[in-house]
Amino acid sequence: MTTETAHEVGRARRRKEDARLITGQTNWTDNITLPGLVYIAFARSPHAHARITSVDLSEAKAAPGVLAAFSGADLAAEQGGLPCAWPVTPDIVMPNHPPMAVDTVRYAGEIVAAVVARDRYAAADAISLIDASYEPLEPVLDMEAALAEGSVKVHEAGNKSFTWPFGNGDIEAAFRDAPVVLERTYRQQRLIPCAMEPRAVVCAPVGDEYTMWSATQIPHVLRVMLALVTGIPEHNLRVIAPDVGGGFGSKLQVTAEEVLALLLARRLGRPVKWTESRSEGNMAVHHGRDQIQRIRIAAEADGRLRGLDVDLLADMGAYLMLVTPGVPLLGAFMYNAIYKMDAYRFSCTGVFTTKTPTDAYRGAGRPEATYAIEHIMDDLAAHLGMDPLELREKNWIRHEEFPFTTISGLTYDSGNYEAATAAARSLFHYDDLRTEQAERNAAGATVRLGIGVSTFTEMCGLAPSRILGSLAYAAGGWEHASIRMLPTGKVEVVTGSSAHGQGHETAWSQIVADELGVPFEDIRVLHGDTQVSPKGMDTYGSRSLVVGGTALVVACGKVREKARIIAAGMLEVAPEDLEWDAGRWAVRGDPDQGKTIGEIAFAAFAAHALPEGVEPSLDSDATYDPDNFSFPHGTHLCAVEVDTETGKVKIRSYVAVDDVGVVVNPLIVEGQVHGGIAQGIAQALYEEAAYDSSGNLETATLADYLLPSAADLPSFTTARTTTPSTGNPLGVKGVGEAGTIASTPAVVNAIIDALRPFGVADVPMPCTPERVWRAIAEASAEGVAR
Amino acid sequence: MKISVNVDGVRYDDDVEPRLLLVHYLRDQAGRVGTPIGCDTTNCGACTVLMNGVSVKSCAVLAVQADGAEITTIQGLANGELHPLQRAFHEEHALQCGYCTPGMIIAAADLLRDNPHPTEEEVRDGLEGNLCRCTGYQNIVRAVLKAAGSAGVTA
Amino acid sequence: MIPAKFDYVRPDSLDEAVRALASGGDDTKVIAGGQSLMPLLRMRLAYPEKLVDIGGLGELRGVRDLGSALEIGALTTHYEVTRDWLIREHCGLLAQAAATIADPAVRHRGTIGGGLAHADPAGDLPAVITALDATLVVAGPSGTREIKPADFFSDYLTTSLEPGEIVTAVRVPKHDGWGYRYEKFNVTAQAWALVGVAAVARRSDGHVAEARVALTNMGSVPIRALAVEAAAAGAEASAAGLAAAAAHADDGTSPPSDLRAAADYRRHLARVLTGRALATAAGVP
């Protein structure tokens, strides 16, 4: 017997997933090999916008090892269109999106042909033998130009996809006669998600049934969508997400490559595989962010907020993909953030350009919102000569005011911004750093210190199905779990969640261990295969613990209750006479009289003497639909040193105090925060998907699209406050995206704070050394350094 | 071209195309699928293996250049029991999705061969050739320092 | 991605290598460590018909002490250069600069000969050997010859090597008593230098007696900052004195404006980094 704590929830359990990951026994999609497997390669458009005049496959087809080659014309009749599941307005322009372009290409990288060959080398050679001719058209690369009269059209129906308005309160009154009004335009640059595993698909036909393995975050959604797009009956499709190497939203997609792999497997009657190269993926995986944000904020002279007016242009790219138009809307309810105000107005216009389509990327709409509000709050503080933390405290929802319905109509269940901020401030040595900053400024130091504040909340735990429906999202937001107790007392947990690094196998085991009183090691979590996990809404939007974890708890509760009834029968007492204690139903007042859940499981399996109406086997399931979003929050403080001679920014210290409600596994939570912060810092300092004037992606490789390594990032100081969610039995709030949402504005605010003495008001992201240097040079040219 | 390569203690004799990448040879012919591919330009480091005792990026080596060489992949690192780095990565939660992990562990093993008692900064610099998108590196650094038996991890 | 097909030979001797190269024509390329060539092959930016792998030529590895100079074999890896005692002792600039190239795994394979013959102006070694006034030793069908850096680097990714010629060694004069610094500026640790400055300086009596400065990525070839050298000679070994010399860093340069940086920023960086490199080389605290 060990002296370990009985409670698994809250323990820093090391992960079950690791055993295969640290030894190279991982099952990535590209590892999969099948008898007779053949390889697909895709030819992609070198033009951002062009008519396809011809595609000559004759040389490719004749090449050694090539089984077949296809152009868009060959597949036009059967390929359908890739789905968009979120038509945000009734009059949305949602053009058909063929998996393989037929007559027009609209972004560099769009698929124009496919070859199938005996191995990947033969396939690569065959691609270079394809002769595709194009009539180039003018690219459309600038959103504002795209909306202007006379712009070249990306689609027949025009370059505007939708305008989605929203508001609450009297915005005119809020701004009329407001003592302080600030107006800003910020740019959310386009990002490439760059999960470390490039995408891959394997598809095997057996008769008229198909099994697809894909590096996807969404096996369940993908299955439904493949059926709808291709007409292949849903029950004949099995989709498996094997081990998946990161997603961050980039694998939350129904892709051309998946659809085409399915169609080619059907055509050829052979199992097929496609594996992406990184440079292919940089062009072909959907991109993130890309907004022009126009913000106006109205305040009293003392800093109290009156109103916020937000107008976005969101770059859809060339087509609307799975949730493309909805991404900015996920931010629509978050610009008001943690603050109270009298009025809020939001409008977003989705614009087509001849670039890779955009879609969800870690945070999906909320980082954009948090960046805008936290940036303008710092601007406002500077304008008023107020400390940025003081300005925020003046306006945020106070701890005792929860639950609080915000101006955008969301009801935040719980939170404690005071506690998180106080903790952050202390860990950060805020006052000492301000003193040092002042000293450096007074001395005119070459290296200046800047402090950036980011107090954030976000809406996650996606999502109440009825709210999704009201927003015109085509699917629901529930999650499913089933619990099976095996005859020997072990437990199989089947979850509809689809982890790709988040450690669900471990965290779900912890939850079930506590709920059923079984050892952590005796639990196995199954996921990712639609034949094994028949129901689910998959993993994104920081939803799995909140929604999937709750489904788990509800299912466990049903198992316990069924066990109670069976135990009552075994012990010949009434069910009400039994008490649950850590895995055992025992007679109240006579605890020696009891049955462990393992014993009950065996009895349920043998079924020799089950009470009336009780079915054999100790198992149950639950499908949970949340009532509300969940609202983790936090305060992040960042100190940067800016070398004003070179513009180089170094993060001196970074403190994150996050409140994710109850914590199931602190290691996993901390890891998610670290990774999220790193991605947010990378947006602030390094990353941008850059296009040249012809519409070619200039950052197609990792040599040009700069991701930080360990040498480029500091260690972070992380801590937590705990304000349990009141919306679910676990009290959890979700953490997957929080770090990314908070960190970008913390870093950018810090840089601007360092440079305000030079008259710098903003530095556009990414804040490369050149941009920082240029901001200083331009501001200095306009004024005198103070 | 005929080559003879020792991979994780096993000798493989094969006839390969000159252009065959070592990483493809390892994955597709020597059955070492534990070593993944993450990029085209030697930036990501996921494919890192040991070649004649030092780290190399196997996507930037031709299989024919490995003729006569001894290769150790992540699958050959443990010797009956887990290598200290594998244990440390597990203990310190230094992996999430695990895709960068084989290359990261091999790179760390090489780092410690070269510098058995690195500082945090030396660990960070030594791993600059290996990209991770999940962990933010902090726990990876902790794990490497732990495996080295060093003290004094900040934060 | 996957390279196009090519033929491949691995000669056992330098003579055999030279013959294989010379007979192959324009579409035959040398491969040594492959760290510059492999990404180009994989992206199909280069598609030679034949590769001549000189990796087996053991006589081209290693460092020899010639008395007043070191002769560094072309196949000496960057890693070996950073560790070599003779190099660290007598031309430390090279060891320090080699340690900034790419990352450890790349440095285990990449060679000094390869890095120079690739002639990427964003690469670190061309400016470094220019500042060291080194000599490239080259073997070819007509025999051996020696080429100075200014004559070797002719354009972007282009050298004055004749068909069939291979760099066999780099001869570097010893710089005992000289200070040095390679100041490399990049956005992330993995990224290529936006600008790099290689500086060596000899001090005498609180002044700089002589300095040599060469620039990475300020043009299509490495650039000797002759105006800086002239201004630095005799200058006070102080930050201010050397900043004045460094102000000439971009004289006569034509830095590119590209995805990585605009020309005016590169010029500014060159001046700032030259000041810093010179200060370090001149022993200014």
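Residues numbered from 1 in each chain as written. Chains lettered and ligands numbered in written order. Predicted model: local features only at pLDDT ≥ 70, side-chain atom pairs only at ≥ 80, totals over all residues. Heavy atoms only, no water.

Once that is clear, we can look at the interface of chain A and chain B. Counting residues at the interface gives 55 residues for chain A, matched by 49 residues for chain B. Surface buried jointly by chain A and chain B totals about 4,300 Å² across both partners, of which 54% is contributed by carbon and sulfur atoms. By the criterion of area lost to chain B, the three top residues of chain A are Ile22, Tyr121 and Met196 of chain A, representing 19% of everything that side buries. Counting across the interface, chain A meets chain B through 6 salt bridges. (Contact = heavy atoms within 4.5 Å. Buried area = accessible area lost by both parts, 1.4 Å probe. Salt bridge = Lys/Arg side-chain N within 4 Å of Asp/Glu carboxyl O.)

The next subject is the interface of chain A and chain C. Contacts between chain A and chain C engage 27 residues on the former and 22 residues on the latter. Of the roughly 2,200 Å² buried between chain A and chain C on both sides combined, carbon and sulfur atoms contribute 60%. Contact with chain C buries area across many residues of chain A, yet Thr646, Glu770 and Trp773 of chain A alone supply 21% of it, more than any other trio. One can count 5 salt bridges joining chain A with chain C. One salt bridge connects Glu645 of chain A with Arg276 of chain C, and the closest N-O pair in it is separated by 2.7 Å. Joining chain A to chain C, the criterion identifies 11 residue pairs in polar contact (both at pLDDT 80 or more). Counting residues per element, the ones that place at least two in the side of chain A that touches chain C are α4 (120–127) and α21 (769–782) of chain A. (Polar contact = N/O pair within 3.5 Å; in protein donor to acceptor, adjacent residues only side chain to side chain. Helix = DSSP H or I, 4+ residues; strand = E, 2+ residues; numbered from the N terminus.)

This next bit is on the sheet that holds strand β7 (residues 143–147) of chain C. Residue and element names in this part refer to chain C. Reading across from one edge, β4-β5-β10-β6-β7 is the order of the 5 strands in this open sheet, with antiparallel pairing throughout. In this open sheet, the two edge strands, each paired with only one partner strand, are β4 (63–65) and β7. Strand-to-strand twist in this sheet, taken as the mean axis angle between neighbours without regard to direction, amounts to 25°. Inspection of the sheet shows β4 paired to strand β5 (residues 69–73) by 3 bridges, in the antiparallel sense. (Pairing = 2+ DSSP bridges. Axes fitted to C-alpha atoms, helices over the stretch in contact; angles between N-to-C directions.)

It is worth spelling out the sheet that holds strand β24 (residues 590–596) of chain A at this point. All names here are of chain A. Taken in spatial order, the 3 strands make up an open sheet running β22-β23-β24, and their pairing is antiparallel. Of all the strands in the sheet, the pair left with one neighbour each is β22 (578–580) and β24. In this sheet, adjacent strand axes meet at a mean angle of 35° when their direction is disregarded. Across 3 bridges, the pairing between β22 and strand β23 (residues 584–587) is antiparallel.

On to the nonpolar core. One finds Tyr335, Leu685, Ile751 and Leu755 of chain A together with Phe89 and Leu127 of chain B to be the most contacted residues of the largest nonpolar core, which totals 240 residues. Setting aside chain neighbours within four positions, we find Tyr335 of chain A in contact with Gln291, Gln293, Ile295, Leu308, Val310, Leu312, Tyr344, Phe346, Glu368, Ala369, Ala372 and Ile373 of chain A. The next biggest cluster of nonpolar side chains, apart from the first, holds 43 residues, and it includes Ala551, Ala567, Ala601 and Val614 of chain A. (Core = buried A, V, L, I, M, F, W, Y, C linked by side-chain atoms within 4.5 Å. Buried < 20%, exposed > 50% of the residue type's maximum accessible area, 1.4 Å probe, protein only.)

Below, the discussion takes up the domain arrangement of chain A. Residues and elements named next belong to chain A. Here chain A is described as being made up of domain 1 (18–24 + 478–624), domain 2 (32–137 + 196–246 + 251–284) and domain 3 (364–461 + 628–760). Inter-centroid distance (C-alpha atoms) of domain 1 to domain 2 is 40 Å. Interface area for domain 1 against domain 2, summed over the two sides, is near 1,300 Å², with a carbon-plus-sulfur share of 48%. Considering only the surface of domain 1 that becomes buried against domain 2, His500, Thr530 and Asp538 emerge as the three largest contributors, covering 42% of it. The tally of links between domain 1 and domain 2 comes to 2 salt bridges. Between Asp243 and Arg20 there is a salt bridge, with the nearest N and O atoms lying 2.9 Å from each other. Summed over the shared surface of domain 1 and domain 2, the result is 11 residue pairs in polar contact (both at pLDDT 80 or more). (Domains from an automatic or database assignment.)

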